[in-house]
Amino acid sequence: MPVKDYSDVALGDLISLAGRTAVITGGAAGIGKSIARRLAEAGAAVMIGDLDEGKAQSVAANLAETSVPHAGVKVDVRDHASIAALGDFAIARTGRLDIWINNAGIFPAGKALELPDDDWSRVLDINLRGTFFGGREAALRMQGQGVIVNLASTNSFNTGVSAIHYVASKHGVVGVTKSLAVELAGKGIRVLAVRSDNDHV
C-alpha cells in the first residue's frame, strides 16, 4: 500500500508545536538543518547546536519569520559540559524543553584492518557518546513530559563496507534508544530512533 508523501506540506498544516521548545544538535547543515526548518514550520522555538556557531546562528536567523524565538549556539557533543550548557541555554531562553533531537553525527569511510585508533574514537564519541549525553541532559531538563529523537540508520540493523566504526556507533544508538525508552517511560518522556540515510525530512 503506497504511503502518502507529505514532504512538501508545511509541518504546521499537520501538527502544531506552538509553545514548545526544540533543541537539535548538528542543526547547521544537512538533515539537521531540514529538521530545524520543519520544527519551526510547526511553531516550535528551535535552538540549534552545532560546532560551527556562525552557521548555526545563520540557520536560526533564517527561521525567524515569526515572533517565535530561535537561536544558534556552539556545541561539541563529545563534551558533556557543552551539551549540558546547550540544555541550560534552551531553558534560559524559553523557560522549557520539550523536544531534543540527537542529530549530530559523522560518516567517514574506514576499513577495519587499516582504521586508525583516533578515527574509531572520534566516530564513537560523536555518534554514540554524543547521543547518550544528549538524551541524558535532555531528560534531566524536561518537566514531566518530552520527546527525545535519536538519528539512527539502516546501518543500525545491517552493515556496510569500509565503515565499521559508523556501523558500531549506529547499532549503539539503537541500544541507547531502547534503554532510555524503558527507563524514562515512567517519567512521561518518549525516546525513539528514526532512520537518517538521506537529507530529506
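Just above sits the structure.
My aim in this report is to walk through the structure given alongside it, one point at a time. (Residues numbered from 1 in each chain as written. Predicted model: local features only at pLDDT ≥ 70, side-chain atom pairs only at ≥ 80, totals over all residues. Heavy atoms only, no water.)

## A few points about the nonpolar core
- In this structure, Val 23, Trp 100, Met 142, Ile 148, Leu 184 and Ile 189 are the most contacted members of the largest nonpolar core, which totals 26 residues.
- Taken together, the elements giving at least two residues each to this core come down to strand 2 (45-50), strand 3 (71-74), helix 3 (80-94), helix 4 (117-141), helix 5 (164-184) and strand 6 (189-195).
- Per-element accounting of this core gives the leading share, 5 residues, to helix 4.
- Among all residues touching Ile 148, those that are not within four sequence positions of it are Trp 100, Asn 102, Gly 135, Ala 138, Ala 139, Met 142, Leu 184, Ile 189, Arg 190, Val 191 and Leu 192.
- Of all hydrophobic cores here, the second largest spans 23 residues; its members include Leu 11, Ala 22, Ala 56 and Val 149. (Core = buried A, V, L, I, M, F, W, Y, C linked by side-chain atoms within 4.5 Å. Buried < 20%, exposed > 50% of the residue type's maximum accessible area, 1.4 Å probe, protein only. Helix = DSSP H or I, 4+ residues; strand = E, 2+ residues; numbered from the N terminus. Contact = heavy atoms within 4.5 Å.)

## What about the pairing of strand 1 (residues 21-25)?
- The element strand 1 is largely enclosed, with a buried count of 5 among its 5 residues.
- Covered by surrounding structure in strand 1 are Thr 21, Val 23 and Thr 25 together with Ala 22 and Ile 24, the residues of both alternating faces.
- Read from strand 1 through helix 1 (residues 30-41) to strand 2, the crossover connection turns out right-handed.
- In the sheet, strand 1 pairs with strand 4 (residues 99-102) via 3 bridges, with the strands oriented parallel. Its bridge partner lying in strand 4, Val 23 is registered against Trp 100. (Right-handed = clockwise from strand over helix to strand, strands pointing away. Pairing = 2+ DSSP bridges.)

## Some thoughts on the packing of aromatic side chains
- Counted by the stated rule, this structure contains 2 aromatic pairs.
- When the centroid spacing of 4.3 Å and the interplanar angle of 50° are considered together, the rings of Phe 107 and Tyr 166 count as tilted. Note that Phe 107 is positioned in the loop between strand 4 and helix 4 and Tyr 166 in helix 5, a separation of 59 residues in sequence.
- What makes Tyr 166 buried here is its relative accessible area of 7%.
- Judged by centre distance (5.9 Å) and plane angle (45°), the rings of Phe 132 and Phe 133 are tilted.
- You can call Phe 132 partly exposed: its relative accessible area is 32%.
- Given the relative accessible area of 11%, Phe 133 is considered buried. (Phe/Tyr/Trp six-rings, centres within 6.5 Å; stacked < 30°, edge-to-face > 60°.)

## So, the sheet that holds strand 6
- Strand order in the open sheet formed by 6 strands is 3-2-1-4-5-6, and the pairing between neighbours is parallel. Only two strands of the sheet have a single neighbouring strand rather than two, namely strand 3 and strand 6. Going from strand to strand, the sheet's axes swing by 15° on average, the running direction of each strand aside.
- Two strands pair when backbone bridges link them, and strand 4 and strand 5 (residues 146-152) are joined in this way by 4 bridges, in the parallel orientation. Among the inter-strand pairings, Asn 102 is bridged to a residue of strand 5, identified as Asn 150.
- Across the sheet, helix 2 (residues 53-63) touches strand 2 and strand 3, and the angle it forms with strand 3 is around 170°. (Axes fitted to C-alpha atoms, helices over the stretch in contact; angles between N-to-C directions.)

## Description of the pattern of salt bridges
- Counted under the stated rule, the structure contains 8 salt bridges.
- Between Arg 141 and Asp 88 there is a salt bridge, with the nearest N and O atoms lying 2.8 Å from each other. Residue Arg 141 is located in helix 4, and its partner Asp 88 is located in helix 3; the two are separated by 53 residues in the primary sequence.
- On the basis of relative accessibility, which here comes to 14%, the residue Arg 141 falls in the buried class. (Salt bridge = Lys/Arg side-chain N within 4 Å of Asp/Glu carboxyl O.)

## Some remarks on the pairing of strand 4
- Taking every second residue as pointing to the same face, both faces of strand 4 are buried, with Ile 99 and Ile 101 on one and Trp 100 and Asn 102 on the other.
- Traced from strand 4 through helix 4 to strand 5, the parallel crossover comes out right-handed.

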